[in-house]
Amino acid sequence: MNAIATYQYETLQVSITNQILTVTLNRPNKKNAMSFQLMDELIAVAGHIAKDRTIRAVILKGADGTFCAGIDLSDLNHPKNQAFALWELIKPCQSSFQRVCLVWRDLPVPVIAVLEGHCIGAGLQLALACDVRISHPDCKLSIMEAKWGLVPDMGLTQSAFGVVREDTLKELAMSARMIDATEGRELGLVSHCSDTPLEHAQKLAAEFAERSPDAVLASKRIVNAMYQQSTTTLYKEKIWQLKMMLGRNRKLALRKAKQASTAFAKRQFR
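Remember, predicted model here, so these are calculated numbers, not experimental data.

For the rest of this paragraph, the subject is the overall build of the protein chain. Along the protein chain, the regular secondary structure elements total 12 helices and nine strands. Of all 270 residues assigned to the protein chain, the portion counted as buried reaches 49%. In the protein chain, 72% of the contacts between residues at least 6 apart in sequence involve partners at least 24 apart. As displayed, the protein chain has an accessible area near 13,600 Å², and 54% of this comes from carbon and sulfur atoms. The protein chain carries 34 positive and 26 negative side-chain charges, and their two centres are separated by 10 Å.

This is how it looks when you write it as structure tokens:
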């Protein structure tokens, strides 16, 4: 068995078949919402993958028929995590929130996301950082951060660039609207729709594995280079998230999610 598959994770399942590694987000009772522990384990397993030259492709999916229902708000809002979250936003390098997504874009092998059930907020930002997204047509997608008075800050400025049109991305981020994967395919969020997305992903991964691993790597690197953004965009994500978290309309957004009649205050920032 490959060494990576022998590591013990609490929030992930990892298996390998024919040099294709499958990583499964495994918090089904939370619809695979992204907790701090899940972020740490995703970053860790990606680090192991980067060092293993026998792996030819990675499939990233969620347990029990859903990909990821976003950030685990109960974890994020827990007092013990507030100082850590604040530090991640003010430190000058990539935050853990950004790295957990962008690390898959940086891997030297192709990464295929299998989307089912829900793929929202942090889940969609994670999927966008993968090289290919294969979704069940009924999967629900949303850049949902605006609903909670926040802004996408998990590397969206890098991962969505060249994937989704600027006007489409603005509309989805501003509205926090939920769409299905069929519409997502039309808008560029999804690469392929399939009634059997895992089987489709396995076939595509096997096709990649038939090619020279160096040619596959080179193809990923040069295409990524076409859409390389300045690191200042990642810093702007963090600065704006700090403003949102400290701003007066953030609390009102949380209240409005429960009570639709809640009115927002005047715009605070410019």
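Resuming the write-up.
What follows is about helix α11 (residues 232–246). Look at α11: 21 Å from first C-alpha to last across 15 residues, which is about the 21 Å you get at 1.5 Å a residue. All of the buried residues in α11 are Thr233, Leu234, Glu237, Lys238, Gln241 and Leu242. Where α11 is buried, its residues meet α3 (79–90), α4 (96–106) and α6 (156–159).

As a further point, take the pattern of salt bridges. For the structure on display, the rule yields six salt bridges. Of the charged contacts, one joins Asp131 and Lys220 as a salt bridge, the two residues approaching to 2.9 Å between their closest N and O atoms. Placement of the pair is Asp131 in the loop between α5 (122–128) and β6 (132–135) and Lys220 in helix α10 (residues 213–226), with a sequence separation of 89 residues. For Asp131, a relative accessible area of 28% corresponds to the partly exposed category.

Next up on the list: the side chain of Ser159. The residue Ser159 is located in helix α6 in this model. For Ser159, a relative accessible area of 3% translates into the label buried. Beyond its immediate stretch of four places on either side in the chain, Ser159 contacts Leu102, Arg105, Gln125, Leu128 and Ala129.

All told, the structure shown has five aromatic pairs when counted by the stated rule. Taken together, a centroid distance of 5.4 Å and an interplanar angle of 55° make the contact between Phe36 and Phe84 tilted. Pair noted here: Phe36 is in helix α1 (residues 36–51) and Phe84 is in helix α3, with a separation of 48 residues, a long-range link. Plain terms: the ring middles of Trp240 and Phe269 are 6.3 Å apart, the flat faces sit at 90° to each other, and that makes the pair edge-to-face. Residue Trp240 is located in helix α11, and its partner Phe269 is located in the segment after α12 (248–258); the two are separated by 29 residues in the primary sequence. The exposure class assigned to Phe269 is partly exposed, which follows from its relative accessible area of 24%. A connected cluster of aromatic rings, assembled from ring pairs, spans Phe36, Phe84 and Phe97. A cation over an aromatic ring shows up here: Lys243 above the ring of Trp240, its NZ or CZ 4.1 Å from the ring centre.

In the contact formed by α4 and α10, the axes pass within 10 Å of each other and the chain directions differ by 125°. With respect to α10, the element α4 is oriented oblique. Listed contacts from α10 to Trp104, Arg105 and Asp106 of α4 are Lys220, Arg221 and Asn224. Partitioning the contact of α4 with α10 into residue classes produces one nonpolar, one polar and four charged.

A word on the sheet that holds strand β2 (residues 20–25). Within the open sheet, the six strands sit side by side as β1-β2-β3-β4-β6-β9. Their pairing is mixed. A single partner strand is all that each edge strand has here, and the edge strands are β1 (12–17) and β9 (192–193). Two elements, β6 and β9, share two bridges in a ladder whose sense is parallel. Within the sheet, the bridge partner assigned to Ser135 lies in β9 and is Cys193. Against the sheet, helix α9 (residues 197–209) contacts β2, β3 (57–62), β4 (111–115), β6 and β9, and its axis sits at roughly 170° relative to β4.

Reading across the sheet, the three strands line up as β5-β7-β8 and stay open at both edges, with mixed pairing between neighbours. Each end of this open sheet is capped by a strand with a single partner; those strands are β5 (118–120) and β8 (179–180). Looking at chain direction, strand β7 (residues 140–142) and β8 are connected through two bridges and run antiparallel. Opposite Lys140, over in β8, you have Asp180 as the bridge partner.

Calculation notes
Residues numbered from 1 in each chain as written. Predicted model: local features only at pLDDT ≥ 70, side-chain atom pairs only at ≥ 80, totals over all residues. Heavy atoms only, no water. Helix = DSSP H or I, 4+ residues; strand = E, 2+ residues; numbered from the N terminus. Buried < 20%, exposed > 50% of the residue type's maximum accessible area, 1.4 Å probe, protein only. Contact = heavy atoms within 4.5 Å. Areas by Shrake-Rupley, 256 points an atom, 1.4 Å probe, with all protein chains shown as cover. Lys, Arg positive; Asp, Glu negative; His and termini not counted. Charge placed at Lys NZ, Arg CZ, Asp CG, Glu CD. Expected span 1.5 Å × (residues − 1). Salt bridge = Lys/Arg side-chain N within 4 Å of Asp/Glu carboxyl O. Phe/Tyr/Trp six-rings, centres within 6.5 Å; stacked < 30°, edge-to-face > 60°. Lys NZ or Arg CZ within 6 Å of the ring centre and 35° of its normal. Axes fitted to C-alpha atoms, helices over the stretch in contact; angles between N-to-C directions. Parallel < 35°, antiparallel > 145°, perpendicular 65-115°, else oblique. Nonpolar A, V, L, I, M, F, W, Y, C, P; charged D, E, K, R; others polar. Pairing = 2+ DSSP bridges.

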